[in-house]
There are 2 protein chains.
Amino acid sequence: MTAADETLDVALQSWVDDANAPGTDFPIQNLPFGVFRHDFEERPRVGIAIGAHVLDCMAAVRAGVFDALSPPVRDALQSWSLNALMGLGRDDARTVRHAASRLLRADSDEGRSARTMRDVLLVRMDRVGMLVPAEIGDYTDFYASVFHATNVGSMFRPDNPLLPNYKYVPIGYHGRASSVVASGAPVRRPRGQRRPDPNAPPVYGPSAGLDYELELGAWLGGDSAIGDTVPIARAEDRLFGLSLLNDWSARDLQSWEYQPLGPFLAKNFLTTVSPWIVTLDALAPFRVPAFERPAGDPAPLPYLNDAADQARGGFDVTLAVHLASAQMREQGIAPLRLSTGTFRQMYWTFAQMIAHHASGGCNLRAGDLLGSGTVSGPDKGSRGCLLELTWRGAEPITLPTGETRAFLADGDEVTMNGWCARDGAARIGFGDCRGIVRAAN
Amino acid sequence: MTAADETLDVALQSWVDDANAPGTDFPIQNLPFGVFRHDFEERPRVGIAIGAHVLDCMAAVRAGVFDALSPPVRDALQSWSLNALMGLGRDDARTVRHAASRLLRADSDEGRSARTMRDVLLVRMDRVGMLVPAEIGDYTDFYASVFHATNVGSMFRPDNPLLPNYKYVPIGYHGRASSVVASGAPVRRPRGQRRPDPNAPPVYGPSAGLDYELELGAWLGGDSAIGDTVPIARAEDRLFGLSLLNDWSARDLQSWEYQPLGPFLAKNFLTTVSPWIVTLDALAPFRVPAFERPAGDPAPLPYLNDAADQARGGFDVTLAVHLASAQMREQGIAPLRLSTGTFRQMYWTFAQMIAHHASGGCNLRAGDLLGSGTVSGPDKGSRGCLLELTWRGAEPITLPTGETRAFLADGDEVTMNGWCARDGAARIGFGDCRGIVRAAN
């Protein structure tokens, strides 16, 4: 897939007018996959975002407008999650992208015909609920920003901020699949053990250090067997697409529990994803070289080192976090942007994370989710969590209302956005990844 | 459920003769649940172990001998995994236990009738393949033996063997669900990063520190929602049953990768479970008080402290590990017993692990699997992994062939067994948890 592909033509317009609006996340060049549910129907359906609408894939198959797709692909589009399409893999998903593009463009025969079936094929995005797009077999969270790792490390281990394995190992750990939710789901403040007074026993109660972590989520396609590895040169074939991911974290629970086996309850109460999976085809114009390692850093070991991945393994995605307190929303004050970062600065590529994950024979399944780890850059304005932004609470943030925040308060709404933009290419957006903090039970 | 329940009567005999043999793991008082597959059939079936046979639950439902069970229970028994029965919960599973007991006992009308249908209802265990008994949504591994934690800690942190959180927090971490396999599946030696020379860069290659970890696995029933907790007084209701679990570990990978986020590739290449889930009803005669904390240890925090759990939260299960090298098997030499431990000595009960796991609002689903952590006792003979037994290789084990082992060699077969035995109660066994190490790919 190259930028020359007609589905990426910047001049392409859709007969769905709102897909042509400047600044939309979902122009016809994007066409991300998701799973939605009608109010009147229990069963979820596969959809494709177009402007402020969703193309209902089941309706499209039933209406015969996807007849050119292969029977397994049509079956997958009538499933209630994306696992079946992910299992078929990226080549088959690309056939859907091409068919949907022809169907939705303003200047094609298919488009002119589809326009007459508008009420059958399209549903307004604000009329449906979006779900987690796949049944997640396993969720793994990485730690791929060296700036995040260095910042956090310097708080917890001032004498030893970056551990000796960091530049060799794409550090990751297993997360909780059951508590991954879609954007908009409430965020219940967790209770847990923390030790506010280091000279007294710990106490169990509501976390006083609730934080977000700005990440990209990578959704895997295909399947590999137990005992098989995924060579780095083929690792990106397993990357079905990307979404936003908020790895909600309770910092006080984390610092007390995390040794020696890693974060557990500090993370597993909730993880929020944006519900639209942006495909690598849509992201093709925004591929960039992998992060350039500073002079003196070791080269990746051979099993993580691939020339093509080094040349084009990065994604030029801009990411932003906004906060709106309950008071701000009541007073009609716009959300405050807390940070803006770029995925270009990640130390490890997704292909490296995938190859590493499978390098010992761990099987990876369609629908598995990888988190990138917090996306932070070298500047304070690009730090992807409050722990870093407020330096563990030492430098609180002041909101437009005069309220201050070291960590999240009940009622706070956190919204993450991501987009790709450059001259000569259509803007590709990720939609919202949003959640409002509720008081502990 | 009390020991007075007729299904636990020590005098009870089955018309399945091999279930009455002394030393069988599966007398009529046990009746564990599992999932098996006939050679000639792709679809797995739910079964109940009885002696050297399996009661085919689908056949039993179809033959009408389970007509007294409720329709949802009969449906669950015709499913291809135990998730449906686990979702219904322990009370419903108990109705199956009682029906199976009546059906299989020698002295009941149901038993006399069932005996005439022997060829329909029973299949020989050695004629079927046993599978992982549930689709595991999430797998969590704990660290509940204070003896194991102290031994391992003293190797990795001699100055600080037991971390300050250990006696407050049932330490756990998320494991990999996709690579949990049933007893007998091959164990491919993983490759990975290790750093044999601390003054040189790490290398990627076959692990030179392959180890087993002897654990009990706890299979969960019921469902709780995101944001809900599971109070300690009701936590054991979520415990559907127990099996054996081997948390295969690559120690050289582990020591290099585990900081700061915990074990990852050192563990996720494989986890083996014994395929039969022994119910808490069968284990009722072997319930014992929770481990008595040494004087000076803190009491569990209130959310982990329940009088009934302290009085009866333990399980008197004896656990053993045997090793047979390829050379030993060729020469017909019996496996060498490496250790014998007891689950009585675990610092945390399963109810405490469950209550802790949900204490921040993490949802637990039917079919979730918890590992107890390595079961080690205070004596060298009760250490549950080679890391402890050979003290990180410093004290190798000599096999009957004269071979020595610091860690596992290719061709080694590790077999774990577990059983409960006392006067006045039938012996309850867990079956084998077995695997042979294969050379790295």
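Residues numbered from 1 in each chain as written. Chains lettered and ligands numbered in written order. Predicted model: local features only at pLDDT ≥ 70, side-chain atom pairs only at ≥ 80, totals over all residues. Heavy atoms only, no water.

## Topic: the pairing of strand S6 (residues 139–142) of chain B
Two faces belong to every sheet, and in a regular strand the side chains alternate between them. Residues and elements named next belong to chain B. Worth spelling out the cut-off: For the exposure calls, accessible area comes from a 1.4 Å probe over protein chains only, and a residue counts as buried if that area is under 20% of its type's maximum, exposed if over 50%, partly exposed in between. Only DSSP runs of H or I covering at least 4 residues are called helices, and only runs of E covering at least 2 are called strands; the numbering of each starts at the N terminus. Strand pairing is assigned whenever DSSP identifies at least 2 bridges connecting the two strands.
Across the two faces of S6 the burial is the same, with Tyr139 and Asp141 and Thr140 and Phe142 all buried. Sheet topology note: the S6/strand S22 (residues 369–371) ladder contains three bridges and is parallel. Paired with tyrosine 139 across the strands is leucine 369, a residue of S22. Where S6 and strand S7 (residues 172–174) come together, three bridges link them in antiparallel fashion. When the sheet's bridge partners are listed, aspartate 141 is paired in S7 with tyrosine 173.

## Here's the deal with the side chain of serine 249 of chain B
Residue and element names in this part refer to chain B. Our working definition: Polar contact is the term for a pair of N or O atoms within 3.5 Å; when the atoms are in protein, one must be able to donate a hydrogen and the other to accept it, and sequence-neighboring residues count only if both atoms are side-chain atoms. Working rule for contacts: check all heavy atoms of both residues, and any pair within 4.5 Å makes them a contact.
On the secondary structure map, serine 249 appears in strand S15 (residues 249–250). There is a polar contact of 2.8 Å between the side chain of serine 249 and the backbone oxygen of aspartate 247. Of the polar contacts made by the side chain of serine 249, one reaches the side chain of lysine 267; its length is 2.9 Å. Ignoring any residue separated from it by four or fewer positions in sequence, one finds serine 249 in contact with Gly209, Leu210, Asp211, Glu213, Gln254, Ala266, Lys267 and Phe269.

## Observations concerning the interface of chain B and chain A
For clarity, the threshold we go by: As a working definition, buried area equals the accessible area (1.4 Å probe) given up by two parts on being put together, with both sides summed. Only one rule defines a salt bridge in this text: a Lys or Arg side-chain nitrogen within 4 Å of an Asp or Glu carboxyl oxygen.
Residue-level contacts link 59 residues of chain B with 59 residues of chain A. Surface buried jointly by chain B and chain A totals about 5200 Å² across both partners, of which 60% is contributed by carbon and sulfur atoms. Joining chain B to chain A, the criterion identifies four salt bridges. In this structure, arginine 176 of chain A engages aspartate 368 of chain B in a salt bridge whose closest nitrogen and oxygen atoms are separated by 2.7 Å. Within the residue set of the side of chain B that touches chain A, elements represented by two or more residues are S6, S7, strand S10 (191–194), strand S11 (203–206), helix H9 (251–257) and helix H12 (350–357) of chain B.

## A short note on the sheet that holds strand S25 (residues 413–420) of chain B
All names here are of chain B. Strand order in this open sheet of five strands is S9-S26-S25-S20-S21, and the pairing throughout is mixed. Looking at which strands have only one partner, the edges of the open sheet turn out to be strand S9 (187–188) and strand S21 (336–342). Pairing between S9 and strand S26 (residues 428–438): two bridges, direction parallel. What sits directly across from valine 187, in S26, is valine 437.

## Points about the pattern of salt bridges
Residue and element names in this part refer to chain A. Under the criterion given, the structure shown has 52 salt bridges over all chains. Taking the shortest distance from any N to any O, the salt bridge between glutamate 395 and lysine 380 comes out at 2.6 Å. Linking glutamate 395 in the loop between helix H14 (386–389) and strand S23 (397–398) with lysine 380 in the loop between strand S22 (369–371) and H14, this pair joins segments that are 15 residues apart in sequence. For glutamate 395, a relative accessible area of 37% gives the class partly exposed. On the accessibility criterion, lysine 380 (39% relative accessible area) is partly exposed.

## Here's the deal with the relation of the copies chain B and chain A
Put simply, the test is: In superposing the copies, a least-squares fit is computed on C-alpha atoms, taking residues whose pLDDT is at least 70 in both.
Expressed as a screw transformation, the operator carrying chain B onto chain A has a rotation angle of 180 degrees and an axial translation of 0.0 Å, and the superposed copies differ by an RMSD of 0.0 Å. The superposition operator between the copies reduces to a two-fold rotation axis. Relative to the rotation axis, the C-alpha of glycine 262 of chain B is the closest in chain B, positioned 2.1 Å from it. Taken as a fraction of all interface residues of chain B, those also at the interface in chain A reach 100%, which identifies the copy contact as same-surface.

## A word on the packing of aromatic side chains
Put simply, the test is: Any two rings among Phe, Tyr and Trp, with Trp reduced to its six-membered ring, count as a pair given centres within 6.5 Å; such a pair is stacked if its planes are under 30 degrees apart, edge-to-face if over 60, and tilted if neither.
Considering all chains together, one arrives at 22 aromatic pairs over all chains under this definition. Here the aromatic rings of phenylalanine 291 of chain A and tyrosine 347 of chain A are separated by 5.9 Å at their centres, their planes lie at 50 degrees, and the arrangement is tilted. Linking phenylalanine 291 of chain A in the loop between strand S18 (287–288) and helix H11 (307–312) with tyrosine 347 of chain A in the loop between strand S21 (336–342) and helix H13 (350–357), this pair joins segments that are 56 residues apart in sequence. For the pair phenylalanine 291 of chain A and tyrosine 347 of chain A, a shared accessibility class is recorded, and that class is buried. When the ring of tyrosine 303 of chain A is compared with that of tyrosine 204 of chain B, the centres are 4.0 Å apart and the planes differ by 15 degrees; the resulting orientation is stacked. Of this pair, tyrosine 303 of chain A sits in the loop between S18 and H11 while tyrosine 204 of chain B sits in strand S11, each in a different chain. Classification of tyrosine 303 of chain A by relative accessible area gives buried; the value is 13%. What links up through ring pairs into an aromatic cluster is the set Tyr143, Phe147, Tyr166, Phe291, Tyr347 and Trp348 of chain A.

## Quick notes on the confidence of the model for chain A
Applicable threshold: Scored between 0 and 100, pLDDT is the confidence that the predictor attaches to each residue.
Residue-level pLDDT values for chain A average 97, and 99% of them are 70 or greater. Interface scoring of the predicted complex returns ipTM 0.97; its pTM is 0.98.

## Thoughts on the environment of arginine 115 of chain A
All names here are of chain A. Topologically, arginine 115 is positioned in helix H5 (residues 109–115). A relative accessible area of 45% means that arginine 115 is categorised as partly exposed. Excluding its chain neighbours within four sequence positions, the residues that come into contact with arginine 115 are Trp15 and Asp17.

## Details of the sheet that holds strand S2 (residues 45–50) of chain B
Two pairing modes exist for strands in a sheet, parallel and antiparallel, and in both the strands are linked by backbone hydrogen bonds. Residues and elements named next belong to chain B. Note the threshold: Note on geometry: axes are lines fitted to C-alpha atoms, helical ones only across the stretch in contact, with angles between N-to-C directions running from 0 to 180 degrees.
Spatially, the five strands line up as an open sheet ordered S4-S3-S2-S1-S5, and their pairing is antiparallel. Edge positions in the open sheet fall to strand S4 (122–124) and strand S5 (128–131), since each of these has one partner strand only. Between one strand axis and the next, the sheet turns by 45 degrees as a mean value, whatever way the strands run. Judged from the four bridges that link them, strand S1 (residues 33–38) and S5 form a sheet pairing that is antiparallel. What sits directly across from valine 35, in S5, is leucine 131.

## Brief notes about H13 of chain A
Most of H13 of chain A sits inside the fold, with eight of its eight residues counted as buried. When H13 of chain A is considered as a whole, its buried residues turn out to be Phe350, Ala351, Gln352, Met353, Ile354, Ala355, His356 and His357 of chain A.

## Points about the pairing of strand S25 (residues 413–420) of chain A
Residues and elements named next belong to chain A. Judged by how many residues are buried, S25 sits mostly within the fold: eight of eight residues are covered. A two-sided burial pattern is seen for S25, the buried positions comprising Glu413, Thr415, Asn417 and Trp419 on one face and Val414, Met416, Gly418 and Cys420 on the other. Where strand S20 (residues 318–324) meets S25, seven bridges bridge the pair, whose relative direction is antiparallel. Of the residues in S25, the one forming a bridge with leucine 319 is glycine 418. When S25 meets strand S27 (residues 433–438), the two strands line up antiparallel, connected through four bridges. By the bridge assignment for S27, valine 414 is matched with glycine 435. In this sheet, strand S26 (residues 428–429) lies alongside S25 in antiparallel orientation, the contact comprising two bridges. Looking at S26, one finds that tryptophan 419 is bridged to glycine 429.

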